[in-house]
Amino acid sequence: MKTQVTIIGAGPSGLLLGQLLHKAGIDAVILERQRPDYVLGRIRAGVLEQVATELLDEVGVGERMHAEGLVHGGFDMLFNGVRHRIDLEKLTDGKKVMVYGQTEVTRDLMDARTAAGLPTVYQAANVQVHDFDTKTPRVTYEKDGQSHTIDCDFIAGCDGFHGVCRASAPRSAIKEYEKVYPFGWLGLLSDTPPVHHELIYVNHPRGFALCSQRSETRSRYYLQVPLTDKIEQWSDDAFWDELKLRLDPEAAEKLVTGPSLEKSIAPLRSFVTEPLRFGRMFLAGDAGHIVPPTGAKGLNLAATDVKYLSNALVEFYSEKSEAGIDGYSERCLKRIWRAERFSWWFTSIMHNFTDEGAINGKLQQAELDYLMHSEAGLKTIAENYVGLPLNFGE
Ligand code: RFL
Ligand code: PHB
C-alpha cells in the first residue's frame, strides 16, 4: 500500500489530523492497535477550549457538540470550606469553554471518517516505523496474521504515551523531561445530575476533588488518591462518602449519588519530549507530552499540535516548502511548555502534598487566598484555563 501520510493511532489526535488532511486533499491511512469500541470506552477529558471547538467546526464535526455540549462561562474553586467563582467570561473578555467528553469528540471524528470512506485499520498489530530518516519512510504491521507494508512520505506519531513512534526515535536525538506526582486521580462516571451547573475544583486537607460533568444527567467526579490505592478498594459507596467529606456543606447536601458506570485510577505526570520531529516522523498529542489533568489541557494540546502539523504538511505539498515541517517542533513546544507550566502549577496549589509537611498546606491557603483577592491573580487563572490563541507565539 502507498499513501502520503501514515498516522499511527486513532485517538483524538490521529482522527483530527486525518480530517484536517482530508480537507486539504492529502491522503492518509490510520493504523490503530485497538478495536473502535475499546477506543470509545476510554473515559478521559471533558473540557474543550474555544480553539479546540473551532478546529472541530473547521473539519465539519461540530454539530452534535454545539447541540449537546455545555458552554461554561466559569468554574468554582473551593478551599478552606468556601467556594469562589472564576468568571472566565468576565476575566478574559468573553471567552468560554465547552464541556463535551473526549468519547463524544472521538465518536464524531470516527463517524466523519467512516462517512468520507477514509481508511482506518483497527487491530493493527506489531506496528513498526522504518526509514523515517530518509525521504521514503515505511510502516509495517500485522492484521489477521498477515504482514503489510505502507510506503509513505511522512509518519505522524499520534499513538499516545505508550506508543511505538517515540520509542523508535534514536535515543541520542531525544531529550525527555518528566515529573511523576506522588498521587493519582480516582474517577467515577455516573448517570446522576451534576452537583453544580459548573465545575468545582476542590482543595481539601483530605485531598483534591473535582466535580465535573458530561451532560445535565451525567456526572464525572474525581478524588486524589495515593498511588498505592487499587480500584478494588473503592466501592461506589466509599467514593461517594469520601467525596462528600471534601465538599462544602451545601454541595455535600445536594450531591446525588448512584451506581458507577465507570471507575478508574489515573497516575499524574508532567512529561515533554524534545524535539517532536525526527526526519520524516512527527510526534503529536500524548505521544510527545503529558500534562496532569488539573488544567484540562491534554486533549486541547493534542488538537493544536495536529493543526500545526497539518498546516506544515499542506505547506509542504502545495508550496513545496519545508519551512513548516522544519518549524513544527518549536512551534508546538512553545505552546506545550505554557500548558505544562499551568497544569503543574494548578496541580501544585490544589493537591495535598503530605510529604512536604504542614507548611505546604498553609502556603497553599495563602496563595489561594491571594489569588482570589487579586484581579491579576484571577486573570492568571482564567486566561490560562481558557487557553492560548492558535497564533500564539507568531
Ligand atoms: P490517545 O488518546 O492516547 O490515543 C492514542 C491512540 O494510539 C493507539 N496506539 C497505537 N496504535 C497502533 N500501534 C501502536 N503501537 C499504538 N500505540 C498506541 C492507542 O490505542 C490510542 O487509541 O492520545 P491522543 O490522541 O494524543 O489524545 C490525547 C488525549 O487522549 C489525552 O491528552 C487526554 O485524554 C489526557 N487526559 C485527560 N485530559 C484532559 O484534558 N482531561 C482529563 O480529565 C484527562 N484524563 C487523560 C485522562 C489521559 C489518560 N491516559 C492517557 C492514561 C485520563 C487518562 C487515564
Ligand atoms: C473531566 O470532566 O473529565 C475533567 C474536567 C476538568 C479537568 C479534568 C477532567 O480539569
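Residues numbered from 1 in each chain as written. Chains lettered and ligands numbered in written order. Predicted model: local features only at pLDDT ≥ 70, side-chain atom pairs only at ≥ 80, totals over all residues. Heavy atoms only, no water.

Visitor: A description of the site of ligand 2 should follow, citing residues and the corresponding values.
Guide: Neighbouring residues of ligand 2: 14 residues in total, closest Y201, S212, R214, Y222 and P293. Here R214 contributes a side-chain N or O atom positioned 2.7 Å from an oxygen atom of ligand 2. A distance of 2.6 Å is found between an oxygen atom of ligand 2 and a side-chain nitrogen or oxygen belonging to Y222. About the coverage of ligand 2: the protein hides 98% of its 280 Å² of free accessible area. Going through the elements one at a time, strand 15 (209–213) and strand 16 (219–226) are the ones with two or more residues in the shell around ligand 2. Partitioned by chemical class, the residues of the shell around ligand 2 number 8 nonpolar, 3 polar and 3 charged. (Near = heavy atom within 4 Å. Polar contact = N/O pair within 3.5 Å; in protein donor to acceptor, adjacent residues only side chain to side chain. Areas by Shrake-Rupley, 256 points an atom, 1.4 Å probe, with all protein chains shown as cover. Helix = DSSP H or I, 4+ residues; strand = E, 2+ residues; numbered from the N terminus. Nonpolar A, V, L, I, M, F, W, Y, C, P; charged D, E, K, R; others polar.)

Visitor: Report on the side chain of D236, specifying residues and quantitative values.
Guide: Among the structural elements, D236 can be located in helix 8 (residues 236–246). Engagement of the side chain of D236 in a polar contact is seen with the backbone nitrogen of S260, the distance being 2.8 Å. Residues contacting D236, with those up to four places away along its chain left out, are L188, G258, P259, S260 and K263. (Contact = heavy atoms within 4.5 Å.)

Visitor: Let's hear about the site of ligand 1: which residues, and what values?
Guide: Surveying the vicinity of ligand 1 reveals 29 residues, the closest of which are S13, E32, R42, Q102 and D286. One of the side-chain nitrogen or oxygen atoms of D286 is found 2.6 Å away from an oxygen atom of ligand 1. At 3.3 Å, a backbone N or O of G298 approaches an oxygen atom of ligand 1. Surface burial for ligand 1 is 85%, taken as the share of its 1,000 Å² of free accessible area covered by protein chains.

Visitor: Quick one: what's the story with the sheet that holds strand 3 (residues 47–48), residue by residue and with numbers?
Guide: The strand order 3-7-4 describes an open sheet built from 3 strands, whose pairing is antiparallel. One side of each edge strand has no neighbouring strand; the edge strands of this open sheet are strand 3 and strand 4 (70–72). Pairing between strand 4 and strand 7 (residues 97–99): 3 bridges, direction antiparallel. By the bridge assignment, H72 is partnered in strand 7 with V97. (Pairing = 2+ DSSP bridges.)

Visitor: Break down the pattern of salt bridges for me, with residues and values.
Guide: By the definition in use, this model includes 23 salt bridges. Here E198 makes a salt bridge to R85, at a shortest N to O gap of 2.8 Å. With E198 in the loop between strand 13 (175–190) and strand 14 (200–203) and R85 in strand 6 (residues 82–86), this pair connects stretches of sequence that are 113 residues apart. Residue R85 is classed as partly exposed on the basis of its relative accessible area of 41%. The salt bridge involving D131 is made with R138; its shortest N-O contact spans 3.4 Å. Among the ionic contacts, a cluster of salt bridges with common partners joins R64, E68, E104, R107 and D108. (Salt bridge = Lys/Arg side-chain N within 4 Å of Asp/Glu carboxyl O. Buried < 20%, exposed > 50% of the residue type's maximum accessible area, 1.4 Å probe, protein only.)

Visitor: For the sheet that holds strand 9 (residues 125–130), give the residues involved together with the corresponding values.
Guide: Strand order in the open sheet formed by 3 strands is 9-10-11, with antiparallel pairing between adjacent strands. Two strands bound the open sheet, and with one partner strand each, they are strand 9 and strand 11 (146–151). Averaged over all pairs of adjacent strands, the angle between strand axes in this sheet comes to 15°, irrespective of strand direction. (Axes fitted to C-alpha atoms, helices over the stretch in contact; angles between N-to-C directions.)

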